[in-house]
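The lines below spell out each chain.
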Amino acid sequence: MELKYPIFLYIGIPVLVAGLVAMHVLGRKKKYRGGRKVANTRFFRGLTEYEGQKRLRRVLAVVLEICIVGSILSSLVLAARPYRTETTSNGVKKRDIFLCMDVSYSICYLNYDLVDSLEEVVTGLKGDRFGILIFNTSSVLYVPMTDDYEFIRQRLDELKEYFRLQQEYQDMDYSFDEDYAKKREILDYYDAGTLVNNYTKGSSLIGEGLASCVYSFPRLDGEDRTRLIIMATDNAEMALSTPLIELDGAIDLCIKNHIKIFGLFPDQETYDKGNYRDYTQDMQDFRNGIDKTGGTFYQQSKSLTVEDIVADIQRQEALEVDELIITKEIDQPEVFAVILLICLTLGFGAGVVLKS
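Below you will find a few notes about this structure. Counting restarts for each chain: residues are numbered from 1 in the order of the written sequence. Totals for whole chains, interfaces and linings use all residues, but because this is a predicted model, local features are given only for residues with pLDDT of at least 70 and pairs of side-chain atoms are given and counted only at 80 or more. Side-chain measures were taken over the full set of non-hydrogen atoms in the model, leaving aside hydrogen atoms and water.

Let's talk about the packing of helix H9 (residues 247–256) against helix H11 (residues 279–293)
Orientation is described by lines fitted to C-alpha atoms, with helices fitted over the stretch in contact, and by angles between N-to-C directions that extend from 0 to 180 degrees. Elements are defined by DSSP. Helices are runs of H or I of four residues or more, strands are runs of E of two residues or more, and each kind is numbered from the N terminus. Contact pair H9 / H11: the axes reach a minimum separation of 9 Å and the direction vectors enclose 15 degrees. Relative to H11, the element H9 lies roughly parallel. The two elements H9 and H11 meet at a crossing, and its hand is right-handed. Of the residues in H11, those touching H9 at Leu247, Ile251, Cys254 and Ile255 are Asp285, Phe286, Gly289, Ile290, Lys292 and Thr293. When grouped by side-chain class, the residues that make up the contact of H9 with H11 number 6 nonpolar, 2 polar and 2 charged. In what follows, roughly perpendicular refers to angles from 65 to 115 degrees, roughly parallel to angles under 35, roughly antiparallel to angles over 145, and oblique to any angle outside these ranges. Crossings are sorted by hand: turned counterclockwise from the far helix by less than a right angle, the near helix makes the crossing left-handed, and turned clockwise it makes it right-handed. By definition in these notes, contact holds between two residues if any of their heavy atoms fall within 4.5 Å. Residue polarity is assigned by list, with Asp, Glu, Lys and Arg as charged and Ala, Val, Leu, Ile, Met, Phe, Trp, Tyr, Cys and Pro as nonpolar; anything else, Gly included, falls into the polar class.

Written as structure tokens, this is what we have:
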């Protein structure tokens, strides 16, 4: 325990001691303090009742004096403001993580596995902020950067259902599927925001999606935080007009703002289900961009599952977390307030008995 204003004790205790000394010294010199003298009191003084009352009053006088001294001392300590110093680690300076997903139907299997694995990861987050952006022709900020992990898990559940329906849509026979209209209605709800002007712009605009994600980070210039993007795409851009920004330009934005990318690329079997492009070239272009940001490229395979990839991302980035150490003063008046209350109560009782 420490005192914020010890000057109250430095001054108050000497004054209290001086007062006690003066009171006892002066009290001894004045044996007779006025009033009428009574003769022949020796008989009363020998009575047992008299001796009992005399001892009681002496005890009460001592109790009253102790209570007064205790009250004064407790008041002086409270005025000096007792406190303790506590040092805590505040996790406000931790990671900002964005999940950036290409939601074109060609990688719905990879996306499903990714959101399924991330649900457990989000459950274990402490202090990190998380956001989700989905894109195809256009981008949708599906979850702004937040530390409301319950809300994030709910939105990941919704996306998992979306990607499950994408898978069914890829495999369904429209002529015999009784629920086709219902499934198509749900898919249209999600697709509406990510396919704006797709008839003129095309689909899977990777650069625009990544750039939109970069500028979705809050206060890029004002906060010193570890930022990373987990990005899933097959990099199979099918632009019908010149995009606002290509992948290389979006990568430069990440480098400028110190954002690392951890990229997930589908295996060739998954890639070939929805594309007729060069698998090796698309993969290499994506890998080269990620390497420039200092991040890590992952290629999904039978030996490296999405769950393994997510676990590896957690291990690598956990080392870069910064913590803000905060020291604060906590007042501790409780003990001395109780002592003061007890002294005042006992002193009041002793004074009432003495006066009666």
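Side note on the packing of aromatic side chains
The rule is short: rings of Phe, Tyr and Trp, with Trp giving its six-membered ring, pair when the centres are within 6.5 Å, and they are stacked under 30 degrees, edge-to-face over 60, tilted in between. In total, this model carries 12 aromatic pairs according to the counting rule given. For the ring pair tyrosine 162 and tyrosine 190, a centre distance of 4.5 Å and an interplane angle of 15 degrees mean the geometry is stacked. Placement of tyrosine 162 in helix H5 (residues 149–171) and of tyrosine 190 in helix H6 (residues 180–194) is noted, with a sequence separation of 28 residues between them. Here the two residues tyrosine 162 and tyrosine 190 agree in accessibility, since each one is buried. A ring pair is formed by phenylalanine 265 and tyrosine 279, whose centres lie 5.5 Å apart and whose planes are at 55 degrees; its orientation type is tilted. Within this pair, whereas phenylalanine 265 is found in strand S9 (residues 259–265), its partner tyrosine 279 is found in helix H11, the two being separated by 14 residues in sequence. Side by side, phenylalanine 265 and tyrosine 279 carry an identical accessibility label, which is buried. Note on geometry: a ring has a charge over it if NZ (lysine) or CZ (arginine) is within 6 Å of the ring centre and within 35 degrees of the ring normal. Here arginine 155 stacks its cationic end above the ring of tyrosine 142, 4.0 Å away from the centre of that ring. Only protein chains enter the calculation, and the probe is 1.4 Å; a residue is then buried if its accessible area is under 20% of its type maximum, exposed if over 50%, and partly exposed in between.

Points about the environment of isoleucine 11
With respect to the helices and strands, the residue isoleucine 11 is situated in helix H1 (residues 7–29). Among the residues examined, isoleucine 11 registers a relative accessible area of 53% and is labelled exposed. Put simply, isoleucine 11 and leucine 76 are 65 residues apart on the chain and 9.4 Å apart in space, counted from C-alpha to C-alpha.

Considerations on the pattern of salt bridges
Put simply, a salt bridge is a Lys or Arg side-chain nitrogen that is within 4 Å of an Asp or Glu carboxyl oxygen. Counted according to the given criterion, the structure contains 15 salt bridges. One salt bridge in this structure joins arginine 164 and glutamate 161, with 2.5 Å as the shortest N-O distance. Here glutamate 161 and arginine 164 lie together in helix H5, a separation of 3 residues that amounts to about one turn. The class for arginine 164 is partly exposed, based on a relative accessible area of 29%. A salt bridge links arginine 277 to aspartate 282; its shortest N-O distance comes to 2.9 Å. Since its relative accessible area comes to 37%, arginine 277 is described here as partly exposed.

Considering unusual backbone geometry
With phi around 50 degrees, serine 204 is a residue other than glycine that occupies positive phi space. By the element assignment, serine 204 lies in the loop between strand S6 (202–203) and helix H8 (206–214). You will see that arginine 219, though not glycine, has its phi angle at about 50 degrees, which is positive. Looking at where arginine 219 falls in the secondary structure, it is placed in the loop between H8 and strand S7 (226–232).

Quick look at the side chain of asparagine 235
Position of asparagine 235 relative to the elements: it lies in the loop between S7 and strand S8 (238–239). Whenever a nitrogen or oxygen atom comes within 3.5 Å of another N or O atom, the pair is scored as a polar contact, on the condition that within protein one atom can donate a hydrogen and the other can accept it, and that pairs from neighbouring residues in sequence are kept only if both atoms are in side chains. A polar atom in the side chain of asparagine 235 sits 2.9 Å from the backbone oxygen of aspartate 282. Excluding anything up to four places from it in sequence, asparagine 235 contacts Ile206, Leu247, Phe265, Arg277, Asp282, Asp285 and Phe286.

Some words on the pairing of S7
Along S7, 7 of the 7 residues are buried, which leaves the element largely enclosed by surrounding structure. Going residue by residue along S7, you find Thr226, Leu228, Ile230 and Ala232 tucked away on one face and Arg227, Ile229 and Met231 tucked away on the opposite face as well. Strand pairing follows a simple DSSP-based rule, namely that at least 2 bridges must link the two strands. One ladder, built from 7 bridges, connects strand S3 (residues 95–102) with S7; its direction is parallel. Pairing of isoleucine 97 across the sheet is with leucine 228, part of S7.

Observations concerning a nonpolar patch on the surface
Among the surface-exposed residues, Tyr5, Ile7, Phe8, Tyr10, Ile11 and Val15 lie close enough to one another that they form a single nonpolar patch of about 640 Å² accessible area. Considering the arrangement of structural elements, one finds tyrosine 10 in helix H1. Note that patches include only residues with greater than 30% relative accessible area and no salt bridge, and the join distances are 9 Å for like charges and 5 Å for nonpolar side chains (Val, Leu, Ile, Met, Phe, Trp, Tyr). A 1.4 Å probe and the Shrake-Rupley method give the accessible areas. Residues count as covered only by the protein chains that appear here.

Some words on the sheet that holds strand S5 (residues 139–146)
Reading across from one edge, S5-S4-S3-S7-S9-S10 is the order of the 6 strands in this open sheet, with mixed pairing throughout. Pairing within the sheet leaves two strands with one partner each, and these edge strands are S5 and strand S10 (296–299). For this sheet the average axis-to-axis angle between neighbouring strands, irrespective of direction, equals 15 degrees. Bridge count for S7 against S9 is 6 bridges, and the pairing is parallel.

Here's the deal with H8
Buried residues dominate H8, accounting for 8 of its 9 residues. Taken together, the buried positions of H8 are occupied by Ile206, Gly207, Glu208, Gly209, Leu210, Ala211, Cys213 and Val214.

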